[in-house]
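Analysis of the macromolecular model
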Protein chains: 2
Amino acid sequence: MAEIKATNITWHEGHVTREERAALLKQKGATLWFTGLSGSGKSTIAFTLEHALVQRGRLAYVLDGDNIRHGLNKNLGFSAADREENIRRIGEVAKLFADCGALTLTSFISPYRKDRDTVRALHDAAKLPFIEIHVSTPIETCEQRDPKGLYKKAREAVKAGKGMGFTGVDDPYEAPLKPELMIDATSTTPQQAAAVLIQYLEERGLLSA
Amino acid sequence: MAEIKATNITWHEGHVTREERAALLKQKGATLWFTGLSGSGKSTIAFTLEHALVQRGRLAYVLDGDNIRHGLNKNLGFSAADREENIRRIGEVAKLFADCGALTLTSFISPYRKDRDTVRALHDAAKLPFIEIHVSTPIETCEQRDPKGLYKKAREAVKAGKGMGFTGVDDPYEAPLKPELMIDATSTTPQQAAAVLIQYLEERGLLSA
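What counts and what doesn't
- Residues numbered from 1 in each chain as written.
- Chains lettered and ligands numbered in written order.
- Predicted model: local features only at pLDDT ≥ 70, side-chain atom pairs only at ≥ 80, totals over all residues.
- Heavy atoms only, no water.
- Contact = heavy atoms within 4.5 Å.
- Buried area = accessible area lost by both parts, 1.4 Å probe.
- Salt bridge = Lys/Arg side-chain N within 4 Å of Asp/Glu carboxyl O.
- Least-squares fit on C-alpha atoms with pLDDT ≥ 70 in both.
- Helix = DSSP H or I, 4+ residues; strand = E, 2+ residues; numbered from the N terminus.
- Expected span 1.5 Å × (residues − 1).
- Buried < 20%, exposed > 50% of the residue type's maximum accessible area, 1.4 Å probe, protein only.
- Arc of directions from axis to C-beta.
- Pairing = 2+ DSSP bridges.
- Axes fitted to C-alpha atoms, helices over the stretch in contact; angles between N-to-C directions.
- Parallel < 35°, antiparallel > 145°, perpendicular 65-115°, else oblique.
- Left-handed = near helix turned anticlockwise from the far one by under 90°.
- Nonpolar A, V, L, I, M, F, W, Y, C, P; charged D, E, K, R; others polar.

**Considering the interface of chain A and chain B**
In this complex, chain A contributes 53 residues to the contact, which on the side of chain B involves 53 residues. In total, about 5,100 Å² of surface goes out of reach between chain A and chain B, with carbon and sulfur atoms giving 67% of it. On inspection of chain A and its partner chain B, the count reaches four salt bridges. Residues Arg 89 of chain B and Glu 85 of chain A are paired through a salt bridge, measuring 3.8 Å at the closest nitrogen-oxygen approach.

**Observations regarding the relation of the copies chain A and chain B**
Of the transformation placing chain A onto chain B, the axial shift is 0.0 Å and the rotation is 180 degrees, giving an RMSD of 0.0 Å. Seen this way, the second copy is the image of the first under a two-fold rotation axis. By residue overlap, the copies meet face to face through one surface: 100% of the interface positions of chain A are interface positions in chain B.

**Observations concerning helix H6 (residues 113-125) of chain A**
Residues and elements named next belong to chain A. Between its terminal C-alpha atoms H6 stretches 18 Å, which fits the 18 Å expected from 13 residues at 1.5 Å a residue. Those residues of H6 that sit buried are Asp 115, Arg 116, Val 119, Arg 120, Leu 122 and His 123. Buried residues in H6, looked at end-on, bunch into an arc of 155 degrees, giving them a common side. H6 presents Lys 114 and Ala 125 as exposed residues on the side facing more than 90 degrees away from its buried surface. In this structure, the buried side of H6 is in contact with strand E1 (30-35), helix H5 (80-100) and strand E4 (130-135). Phi turns positive one or two residues past the end of H6, at Lys 127, with a value near 55 degrees.

**Points about the side chain of Thr 35 of chain B**
Residues and elements named next belong to chain B. Looking at the element boundaries, Thr 35 is found in strand E1 (residues 30-35). Thr 35 sits in the buried class, given a relative accessible area of 0%. Discounting chain neighbours no more than four positions away, the residues touching Thr 35 are Lys 42, Phe 108, Ile 109, Ser 110, Arg 116, Glu 132, Ile 133, His 134, Val 135, Tyr 173 and Pro 176.

**Some words on the pairing of strand E2 (residues 60-64) of chain A**
Residues and elements named next belong to chain A. Most of E2 is tucked away, with five of its five residues classed as buried. Neither face of E2 is exposed, since Ala 60, Val 62 and Asp 64 on one face and Tyr 61 and Leu 63 on the opposite face are all buried. Note: E2 against strand E3 (residues 103-107), five bridges, orientation parallel. If you follow Ala 60 over to E3, its bridge partner there is Leu 103.

**Things to note about the environment of Leu 128 of chain B**
All names here are of chain B. Relative to the helices and strands, Leu 128 resides in the loop between helix H6 (113-125) and strand E4 (130-135). On the basis of relative accessible area, Leu 128 is assigned to the buried category, the value being 5%. It is 5.9 Å that separates the C-alpha atoms of Leu 128 and Ala 30, two residues lying 98 residues apart in sequence. With residues near it in sequence (within four places) discarded, Leu 128 still touches Arg 18, Gly 29, Lys 95, Ala 98, Asp 99 and His 123.

**Some details on the environment of Ser 187 of chain B**
By the element assignment, Ser 187 of chain B lies in the loop between strand E5 (181-183) and helix H9 (190-203). Each C-alpha atom, one on Ser 187 of chain B and one on Thr 137 of chain B, is 8.7 Å from the other, the two residues being 50 residues apart in sequence.

**Observations concerning the packing of H5 of chain A against H6 of chain A**
Residue and element names in this part refer to chain A. It is the contact of H5 with H6, at a shortest axis distance of 9 Å, that shows an interaxial angle of 25 degrees. Comparing their axes, H6 and H5 come out roughly parallel. The chirality of how H5 crosses H6 is right-handed. Facing H5, whose interface residues are Arg 83, Glu 84, Ile 87, Gly 91, Glu 92, Ala 94 and Lys 95, H6 presents Lys 114, Asp 115, Val 119, Leu 122 and His 123. In terms of residue class, the contact of H5 with H6 is built from four nonpolar, two polar and six charged.

Below you can see the structure in the form of structure tokens.
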């Protein structure tokens, strides 16, 4: 077949190596796991960073409620088991993206330490960097902002005796013990946060092959 | 902060567009869905194509049993409901990879037309190309090859009155009615198949921004 002779390619059947992916993308795949309260600024920081990375010619992708809860995890509710499965699946998908070579940014409250540690262990086993970023904006600030009116709703539900298991109101947020980075969005703009994160990625050698 | 002034970047909070991803990767994200019997050659073709694309500077990634069944879908068995959920999750993940800009190759028997059509509809709704590739190697050839001894096992199970629901033996394979491509690996080498697929991707404009 003519098109085969013309391509002048060496053919391989084996898997593409991580090194080949890094050379192609000028970066190393990794997961940046943003965790923090509702309204803490996780998504704003993640999307600001995603944009900044793509502008620098790097491949970044945000996994968040919008593209996960309505898709892969649309058959999960908010029971304890479903919340755990929610984070487990997100962790597995982040790992696949990182393996593919992408800088993968996940933006979920992910309140339980155990679940986050499971995802970390998954990445460790696959020798993929897992960078836990605690967006540590205090609850007072988050609740003042309350962009989606969720805290108000949760407080009213608790008053009415109908708890909804809302993180920070009637469900605990377990802060990371040893996050790679902490960002308090009270005193840091999304742009500043993204700049700090890019510097961190550079220092770890993740923005080169 | 000095590092912010030094970056000289315009900051955005919004999502990176698909056009920006295409420009970065010099390709358009898409899902190439390989379907066919066990032993038909799906994975060999998928990995050969993945390699060829990466050598041409394109980002391709294979989702297959190895990285899905032991990870994201490790809590699924082989009941009818679990098989459906297996393909649903793979379809959702493929869609995310395609949205990220990757040429996403999936290699699963995916024997039921309804499940594949659901994944196609998902991609159509997201305006992402879904390319169904029927690896149509006849069962006689697949069974002669039987690289993992699975047909032998399935035939013995059926003889012993213990069906295992093995596709092509005691469970149906529903061939695609209108696949974008058909490849019979009896008469086509993986290299030839990959060359045909690259030509197809080029003609559809998926190998440029």
